[in-house]
Amino acid sequence: MASANSLTAGVGSCGGAGGGNANANGGSNHNVFVYGSLLADDVVRVLLRRIPQNSPAILHGYHRFSIKGRVYPAILPVENKKVTGRVLLGITLPELEILDKFEDFEYEKRVVDVSLKDTPDVLQAYTYVWAKSDDTNLYGEWDFEVDYCDTWIDHVLEASTILSDNFLYYRAPVYTKIICKFYK
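Note that the structure is predicted; figures quoted are calculated from it, not measured.

So, how was this worked out
- Residues numbered from 1 in each chain as written.
- Predicted model: local features only at pLDDT ≥ 70, side-chain atom pairs only at ≥ 80, totals over all residues.
- Heavy atoms only, no water.
- Phe/Tyr/Trp six-rings, centres within 6.5 Å; stacked < 30°, edge-to-face > 60°.
- Buried < 20%, exposed > 50% of the residue type's maximum accessible area, 1.4 Å probe, protein only.
- Helix = DSSP H or I, 4+ residues; strand = E, 2+ residues; numbered from the N terminus.
- Salt bridge = Lys/Arg side-chain N within 4 Å of Asp/Glu carboxyl O.
- Pairing = 2+ DSSP bridges.
- Contact = heavy atoms within 4.5 Å.
- Arc of directions from axis to C-beta.
- Axes fitted to C-alpha atoms, helices over the stretch in contact; angles between N-to-C directions.
- Left-handed = near helix turned anticlockwise from the far one by under 90°.
- Nonpolar A, V, L, I, M, F, W, Y, C, P; charged D, E, K, R; others polar.
- Core = buried A, V, L, I, M, F, W, Y, C linked by side-chain atoms within 4.5 Å.

Some words on the packing of aromatic side chains
Aromatic ring pairs are described here by two measures, namely the spacing of the ring centres and the angle between the planes.
Point 1. Evaluation of the coordinates by the stated rule reveals two aromatic pairs.
Point 2. Between Phe33 and Tyr35, the ring centres sit 6.3 Å apart and the planes meet at 25°, which makes this aromatic pair stacked.
Point 3. In this structure Tyr35 comes out as buried when scored by relative accessible area, which is 6%.
Point 4. With 5.0 Å between their ring centres and 80° between their planes, Tyr107 and Trp130 make a pair best called edge-to-face. You can see Tyr107 sitting in strand β5 (residues 107-116) and its partner Trp130 sitting in strand β6 (residues 122-130), a full 23 residues away along the chain. Each member of the pair, Tyr107 as well as Trp130, carries the same accessibility label: buried.

Right under this line is the structure:
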């Protein structure tokens, strides 16, 4: 298994309980596989105040479901399935905490192996798996191009403008998931 260091200097693979490698500032960097609303650069930029280096990737052994009444997807382990997405590289611990809060209690953070699309490398990364594996609201297959709600991005950007000082200063996520479902 290749580490993210083979892709870019200073970006470590996430693994084990603590995940990540130390960087020059004494911090730790992590990889995060994203497959839903975080595929949109505007959403990532609002949350992290930057677009991290990233790479297209595939998560084997999982399926991306639509969720009734929601504009974002859920993934669960399913044999012989795969989820396309991207790996955000070099995520700092404070950024990882923002993503944890953004994904909320509906998801469990897990360490998974992802295959990079542009290279033969396999990386370990965190991802967010739907916490309720028996949820009857899960159905079909979610597609970013078809199922994603443009007003979701608009609402995130609008909320970040309204809350600009506090939002950007505290880097707190805006919980638009609940609000956006009314726009669909």
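Moving on, there is more to tell.
Section: the pattern of salt bridges
Point 1. Overall, the coordinates contain six salt bridges when judged by the stated rule.
Point 2. In this structure, Lys109 and Asp100 form a salt bridge, with 3.1 Å as the shortest nitrogen-oxygen distance.
Point 3. Residue Lys109 is classed as partly exposed on the basis of its relative accessible area of 35%.

Thoughts on the pairing of β6
Point 1. Buried residues dominate β6, accounting for seven of its nine residues.
Point 2. Once β5 ends, the chain turns through five residues before running back antiparallel as β6.

Some words on the environment of Leu38
Point 1. With respect to the secondary-structure elements, Leu38 resides in the loop between β2 (28-34) and α1 (41-48).
Point 2. Assessed through its relative accessible area of 3%, Leu38 is described here as buried.
Point 3. Taking the C-alpha atoms as reference points, Leu38 and Arg86, 48 residues apart in sequence, are found 9.1 Å from one another.
Point 4. Beyond its immediate sequence surroundings of up to four residues, Leu38 is in contact with Val43, Val44, Leu47, Arg86, Leu99, Phe102 and Glu103.

Some details on the side chain of Asn31
Point 1. Here Asn31 is to be found in strand β2.
Point 2. Looking at Asn31, the relative accessible area reads 0%, which means it is buried.

Some points on unusual backbone geometry
Residues apart from glycine generally show negative phi values, whereas peptide bonds are mostly found in trans.
Point 1. Positive phi is not limited to glycine here, since Arg49 has a value of about 65°.
Point 2. Looking at where Arg49 falls in the secondary structure, it is placed in the loop between α1 and β3 (54-67).

Examining helix α2 (residues 93-103)
Point 1. Burial in α2 covers these residues: Glu95, Leu96, Ile98, Leu99, Phe102 and Glu103. When α2 is viewed along its axis, its buried side chains cluster within an angular range of 155° and face the same direction.

Topic: the packing of α1 against α2
Point 1. It is the contact of α1 with α2, at a shortest axis distance of 10 Å, that shows an interaxial angle of 115°. For the crossing formed where α1 meets α2, the hand is right-handed. Here Val43, Leu47 and Leu48 of α1 lie close against α2, whose contacting residues are Glu95, Ile98, Leu99 and Phe102.
Point 2. Residues that form the contact of α1 with α2 fall into these classes: six nonpolar, no polar and one charged.

Some thoughts on the nonpolar core
Point 1. Phe33 and Val114 are the most contacted members of the largest nonpolar core, which has 40 residues in total.
Point 2. For this core, the secondary structure elements donating two or more residues are β2, α1, β3, β4 (74-92), α2, β5 and β6.
Point 3. When residues in this core are grouped by element, the largest group, eight residues, is from β4.
Point 4. Once residues within four sequence positions are removed from consideration, Val114 is found in contact with Phe33, Ala57, Ile58, Leu59, Val87, Asp121, Val122, Leu123 and Ala125.

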